[in-house]
Every structure is written in C-alpha cells, then in structure tokens.
Amino acid sequence: MAAASRLRSFILVGLLPALLLYLIFVLVPIVWSAFYGFYEWKGIGAAKFLGLANYTEALRDPIFWKALKNNLIIVAASIFGQIPIALVLSLVLWKSSWFHRFVRSAVFMPMVLASVVIGIMWGYIYHPQIGIVNYVLDKAGLHSWIRDWLGDPKINMYAVCAPIIWANIGPYMILFIAAIQNISSEVEDAAKIDGAIGYKRLYLIVVPMIWDTIKVAIVLCISGSLKAFDLIYVMTGGGPAQSTELLATYMYNNTFNIFRYGYGSAVSTLIIVISMSLVLGSQLLMKRK
Amino acid sequence: METTTPTRATTGEFKPGAGFGTLFKLLRRVRSWAGNAFLAAYAVATLYPLIWLFISSFKSNQDFFGKPFALPSTWQFENYAKAWKVAGIGTALGNSVIVTFLSLALTLLAGTLAAYILSRLSFRLKGLVMALFVLGMLIPIHSTLVPLFIMMKKIGILDTYAALILPYTAFELPVAIFVVAAYLTSVPKEVEEAAMIDGNGYWGIFFRVIFPLSVPAMATVAILAFLRFWNDFAFALVFINKQALKTLPLSLAVFSDGFGTDYSLTMAAMSIAVIPTVVIYLVFQEQIMKGMVAGAVKG
C-alpha cells in the first residue's frame, strides 16, 4: 500500500511541472482565444460581448483574404522552390566525402540563423539604393530591371519568397538523402540495366520510390509557411499598403497596433482552424492518391 | 548535375570498344569537374549572405555603400564596440543568455522527469497525457500570441523574464519529452531494479540513475532548444517592451527599417547575435541536421 501511494505521489508531483506549464501556456490560450473572439476589448476596462461579429468582420475583410492568399503564395513557393532544389541536391550530394559534407553544411546553414537576422540581411540585399541586387543589375547594364524589390506591390510578395526558400532547403535535402539511401540496391541495379540513368532515373525510379517522403515534404511546406511571420515582419511589416500581409502579421497589426484584442483573438482562432484544415486536408488528399 | 553520381560512371562499363575507354574516362572526369564546380559555386552562393554580413561588419559606411563586394579598406573593429555600447547589444546579449539558459534548464528538468514517468511507469490517464502533448506539436505558435498576451497581462508577468521563459519551456516540452522518452526505452529495466535494491526511492532512481543516463538525449534536445530560444522573435516582440529586458533578436529588429541607420553598426550587432549559433552549428552539425529533420517530420 505504502509503495503504491509513493508511486502515485511520484507520478503526480513529477508530471505536474511539465503538465501545468504546458496546459497554461499552450492549450488554455487556444481555448481562450476562441472565447475572447466573441468580445470587444481595448486592453483596459470591461469587455463587451459581440457574438460572432469579430469572426464575420474578419471573413468580410478583403485584407484578410489577401493575407490568406499571400500565405498560399509562400506555400506554393516552398513546394515549387524548396522541394525541387532539395531533390536535385539530394541526388548529387549523397557522398560522405569532405566536399559533399561541406556543401550540405552550407545548404543547411541558414536554418540556424535568427529569422530577424535573415530578414534584415535580405532587406539590405533588396534595398533600392544600397542593395547588392540593384548594384549587380546596375553594373551588368540591366538598368530596366532595377526596382524597389520590397516596395513594389506587384513583385514584393515574390521577392520575400527568395529568402524563405534559401533558408529552408536544408532539412528537405537531408530528408530526401535519407529516403534515397533507403531505395533498395536491387531496384537501382535493375533500373540501371534497363537504362534508367540520369533524368530517367530521377523520374522513373527516385521520385516514385520516395513519393511518400515527398508527400511529407509537401505537408511540411504547408505548415512551415505559417512560420514566415518573423521574416515578413522584419522585411516589410506587411506593407506597403498591406501588400505583403500574412495571416499572422494581419493578426499582429490588428491586435497590437490598434489594440483590438477581441478581434485579434478571433483572427488567431481562424488561423488555427485554417492551418489545421490545410494540414489535415493535404494529408487526406495525399493519402488518397 | 547528375553526372557526379556513380550511376553514370558505372554505366560507362557497358559501352563497347576499348579504344573509346580513355575518351569516355576523360569525358566523365570533365563532367564530374563541371558538376563539382557547380556545387562549389552553389555552396558559396548559399553562404554568401553570411560572409557578406561578417565582412560588412568591419567596414565603414562609405565602403558598405560604395564597394559592397570588396574587403574593407580599413578594418573597423570599433563597429563592434559601438554596437555593444551604443546599440545596447551588450545588455541584449545578457538578456538572451539569461532567458535561453533558464528556459533550457527548466525544459530539461521538467521534460526529462515527465519523459521518465511517461515511458517507464504505468498509470491511468497516461494515454490522455501523451495525446495532449502530441496535440501541442500541431498548434501554430503565432496563434497563441494574442491569448498569451492577454493572460500574462492579467496575471502581471508581461515585461519580465518569466514572460519568455515559461512559454519557451511550455512549447519545447513536447519535443523534449518525446526525444528523451524514445531514448529511455533503450535503457534496460534492470538498471532501475538495481537502483531500487540499493535502497533508492523513485526520486532517487530518477536523479541518481535516469537523469545522468539521459544526458545524450538531453544534449540533442538542448542544442535544438538553444537555437529556438536564442533566435525567437515573435514571443519577445509581443511580451517584452522594456528596453532593459530586450533579447538580441528584438534589439536587432529596431534596425530593420533600413533607412537612416548606421549600417556597419547594424552589421556588427547582427554578427554578435549570429556568432554563437554559427559556432554551435559548426560543432554539432550532424546532430542539428538530424534533430531538425526528425522534429519537423514528427511535428
């Protein structure tokens, strides 16, 4: 009896710190934000109950949809940028020679940099007056190509995708290298005898054999696109004129710049719903194929 | 590019005609050189923004504008001193160190304890607790910013170290628990039994046996958690307002408008923020690569 109660108290006391922290700071906020979404609150004074007004306002706001579209642009840039580049690199960079290890390390390196640093660095690279992109274009005589990369609403959403792709190729490359190493050598040998080499090998052997891994990578691109907040915040702040607004920056700007905590909570809840349904939806879609 | 793979090399053997052998060999070598040159160029291009950052951090503002690709005409080490003092990077570094290491300690202690209980002991509701921790890995962090802000405002811990340490730890716990728990399954049950025969209670087993045994798994957790805590921006941005408490990424963000600032000073300040992570990366590359990929796939 004494042993059983000692075990029980150990389990209880031992789990308590982790469970408490986790419940208070991860799970409870999710529930609260759904709840706060029904209220209007300016940060001081009493909250006013609004019903669904915050939610319908967000869904009627064209900027909200613009932000969602920008999020999807980042998803598309990740899927069609990171995955093909990572796949090609993984086909070429599988050796454990020092040279291949060095190139792999270089490709992975941006993953350890603070996103703020990446954002400021690329902000300078794209800078209309002092940026090295325009400097190179100027020296190369391509004057008509020179532009305000982050200021021009027609192209700035694509411009911010470049650092996102640059920073995130590494993990996909490592993922693909591991998957390619798992293709059995018999399959490879048979394919070789049948003449599947080079590009043929890529399309006929590698891609079908690691298709499951590619699906995982696509799902990762979708969930990863929601993490672009830091970079966009630092590079453009969602502007100019909200042209690079993401769901997360939209939420941030509406909450902390104009102090609409209820509205921000409603948008937070919508972000959770959207991201969960995007990730689950993509997983279901992938399974069916 | 696929020329550097051995498939091309081995298929050469199928070509008939011995006279062509040397020619093919030569061709292959040229192609493999071209492939390697391309790869080297790619690696340098990838690293270039970082190299540019370090080089620019020693330049004068004139050099920074006028000769973006050249080495500094005079190496201005005083940029670093200026960043440290004028831009408050010294204070920010101190804050980052405090917040990162306290969060690490809390994550490792609470995480390993929970991992031990969840992996080695059985009790009712265990399944539920595990499911809760899995759920947390699916939640997009940014969607918790507003509710966490409101909650911390109400309990009055905004603008304190705790406003960062507690949520950092909470969000890192699922990963920490699963990594350590997976590692502990490889520890034989006899180890615990022996410790129990030696007269240890559960706490004794945990602190004298399990905790020291978990060090390799904790190292993996710690490296990845370090990078995440050190680099975090979103939480710091929303929960910290006081200049004296700002962490490195938050202090750097001041420079982000890019107009009318001292560029070489900014570059020096960013270098100070980046150097610790680059050093950690150089030392623990393999672990970081594997850990980040595993974490991403599970999450």
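Residues numbered from 1 in each chain as written. Chains lettered and ligands numbered in written order. Predicted model: local features only at pLDDT ≥ 70, side-chain atom pairs only at ≥ 80, totals over all residues. Heavy atoms only, no water.

### Considerations on the overall build of chain B
The number of helices and strands found in chain B is 14 helices and 0 strands. Reading the helices (α) and strands (β) of chain B from amino to carboxyl end gives α-α-α-α-α-α-α-α-α-α-α-α-α-α. Compactness check: chain B gives a C-alpha radius of gyration of 26 Å against a globular reference of 19 Å for 299 residues, more than 25% above the reference. In terms of overall dimensions, chain B has C-alpha extents of about 75 × 65 × 35 Å along its principal axes. Expressed as a percentage of its 299 residues, the buried residues of chain B come to 51%. Here the analysis covers contacts within chain B between residues at least 6 apart in sequence; of these, 71% occur between residues at least 24 apart. For chain B, the accessible area works out to roughly 13,500 Å², and carbon and sulfur atoms hold 70% of it. Of the side chains in chain B, 22 bear a positive and 14 a negative charge, and the two mean positions are spaced by 5 Å. (Helix = DSSP H or I, 4+ residues; strand = E, 2+ residues; numbered from the N terminus. Rg over C-alpha atoms; globule rule 2.2 N^0.38 Å. Buried < 20%, exposed > 50% of the residue type's maximum accessible area, 1.4 Å probe, protein only. Contact = heavy atoms within 4.5 Å. Areas by Shrake-Rupley, 256 points an atom, 1.4 Å probe, with all protein chains shown as cover. Lys, Arg positive; Asp, Glu negative; His and termini not counted. Charge placed at Lys NZ, Arg CZ, Asp CG, Glu CD.)

### Thoughts on the overall build of chain A
When helices and strands are counted, chain A shows 13 helices and 2 strands. In terms of C-alpha radius of gyration, chain A reaches 24 Å, well past the compact-globule figure of 19 Å for 289 residues. Referenced to the eigenvectors of the C-alpha coordinate spread, the extents of chain A come out at roughly 75 × 75 × 35 Å. The 289 residues of chain A split such that 56% are buried. Here the contacts in chain A between residues at least 6 apart in sequence split such that 66% fall between residues at least 24 apart. Accessible surface, chain A as shown: approximately 13,100 Å² in total, 68% of it carbon and sulfur.

### With respect to the packing of helix α8 (residues 162-184) of chain B against helix α11 (residues 215-231) of chain B
Residue and element names in this part refer to chain B. Running from N to C, α8 and α11 cross one another at 155°; their axes reach a closest spacing of 9 Å. Considering the angle they form, α8 stands roughly antiparallel to α11. Note on packing geometry: the crossing formed by α8 with α11 is right-handed. Contacts between α8 and α11 involve Y168, E172, A176, V179, V180 and Y183 from the first element and P216, A217, M218, V221, A225, R228 and F229 from the second. Here the residues of the contact of α8 with α11 sort into 11 nonpolar, no polar and 2 charged. (Axes fitted to C-alpha atoms, helices over the stretch in contact; angles between N-to-C directions. Parallel < 35°, antiparallel > 145°, perpendicular 65-115°, else oblique. Left-handed = near helix turned anticlockwise from the far one by under 90°. Nonpolar A, V, L, I, M, F, W, Y, C, P; charged D, E, K, R; others polar.)

### So, the domain arrangement of chain B
Domain boundaries in chain B define domain 1 (2-51) and domain 2 (89-298). Between the C-alpha centres of domain 1 of chain B and domain 2 of chain B the distance comes to 43 Å. (Domains from an automatic or database assignment.)

### What to know about helix α4 (residues 98-108) of chain A
Spacing of three or four residues puts side chains on the same side of an α-helix, whose turn is 3.6 residues. A large share of α4 of chain A lies buried, amounting to 8 of its 11 residues. Every buried residue of α4 of chain A is listed here: F99, H100, V103, R104, S105, A106, V107 and F108 of chain A.

### Topic: the nonpolar core
One broad rule of soluble globular proteins: the nonpolar side chains tend to lie buried together. Judged by nonpolar contacts, the single largest core of 200 residues is most densely connected at L113, F176 and I210 of chain A together with F239, L252 and I288 of chain B. At 17 residues, the largest contribution of residues to this core is made by helix α7 (residues 156-181) of chain A. Built from parts of two domains, this core gets at least three residues from each of domain 1 (2-51) and domain 2 (89-298) of chain B. Setting aside its immediate chain neighbours within four residues, L252 of chain B contacts V116, V117 and I120 of chain A together with I89, A269, M270 and A273 of chain B. (Core = buried A, V, L, I, M, F, W, Y, C linked by side-chain atoms within 4.5 Å.)

### Some words on the interface of chain A and chain B
At the junction of the two partners, chain A supplies 92 residues and chain B supplies 98 residues. A buried area of about 8,500 Å², summed over both sides, lies between chain A and chain B, and 82% of it is on carbon and sulfur atoms. It is F10, F25 and Y124 of chain A that lose the most area in chain A upon contact with chain B, and together they represent 10% of the buried surface on that side. Joining chain A to chain B, the criterion identifies 0 salt bridges. For the pair chain A and chain B, the number of links is 7 residue pairs in polar contact (both at pLDDT 80 or more). Looking at the side of chain A that touches chain B element by element, the count peaks at 22 residues for helix α1 (residues 2-36) of chain A. (Buried area = accessible area lost by both parts, 1.4 Å probe. Salt bridge = Lys/Arg side-chain N within 4 Å of Asp/Glu carboxyl O. Polar contact = N/O pair within 3.5 Å; in protein donor to acceptor, adjacent residues only side chain to side chain.)

### So, the state of the cysteines
Residue and element names in this part refer to chain A. Taken as a whole, this structure holds 0 disulfides over all chains when the rule is applied. With no disulfide of its own, C161 lies 12 Å from the sulfur of C221, the closest cysteine sulfur. Judged by relative accessible area, C221 falls into the buried class, the value being 1%. (Disulfide = S-S within 2.5 Å.)

### A word on the side chain of N70 of chain A
Residue and element names in this part refer to chain A. If you trace the backbone, N70 turns up in helix α3 (residues 62-92). Since its relative accessible area comes to 2%, N70 is described here as buried. Excluding residues that lie within four positions of it along the chain, N70 makes contacts with M157, S243, T244, E245 and L246.

### Some details on the pattern of salt bridges
Residue and element names in this part refer to chain B. Here the structure, examined in full by the defined rule, presents 4 salt bridges over all chains. A salt bridge links R120 to E192; the nearest nitrogen and oxygen atoms lie 2.6 Å apart. Placement of R120 in helix α5 (residues 89-120) and of E192 in helix α9 (residues 189-197) is noted, with a sequence separation of 72 residues between them. Just as R120 is buried, E192 falls in that class too.

### A short note on the environment of S97 of chain A
Residue and element names in this part refer to chain A. By the element assignment, S97 lies in the loop between α3 and α4. By relative accessible area, which is 29% here, S97 ends up partly exposed. In this structure, the C-alpha to C-alpha distance between S97 and F49, residues 48 residues apart in sequence, is 64 Å.

### Points about the environment of L68 of chain A
Residue and element names in this part refer to chain A. In this fold, L68 is placed in helix α3. Residue classification places L68 among the buried residues on the basis of a relative accessible area of 15%. Along the sequence, L68 and L113 sit 45 residues apart, while their C-alpha atoms lie 26 Å from each other.

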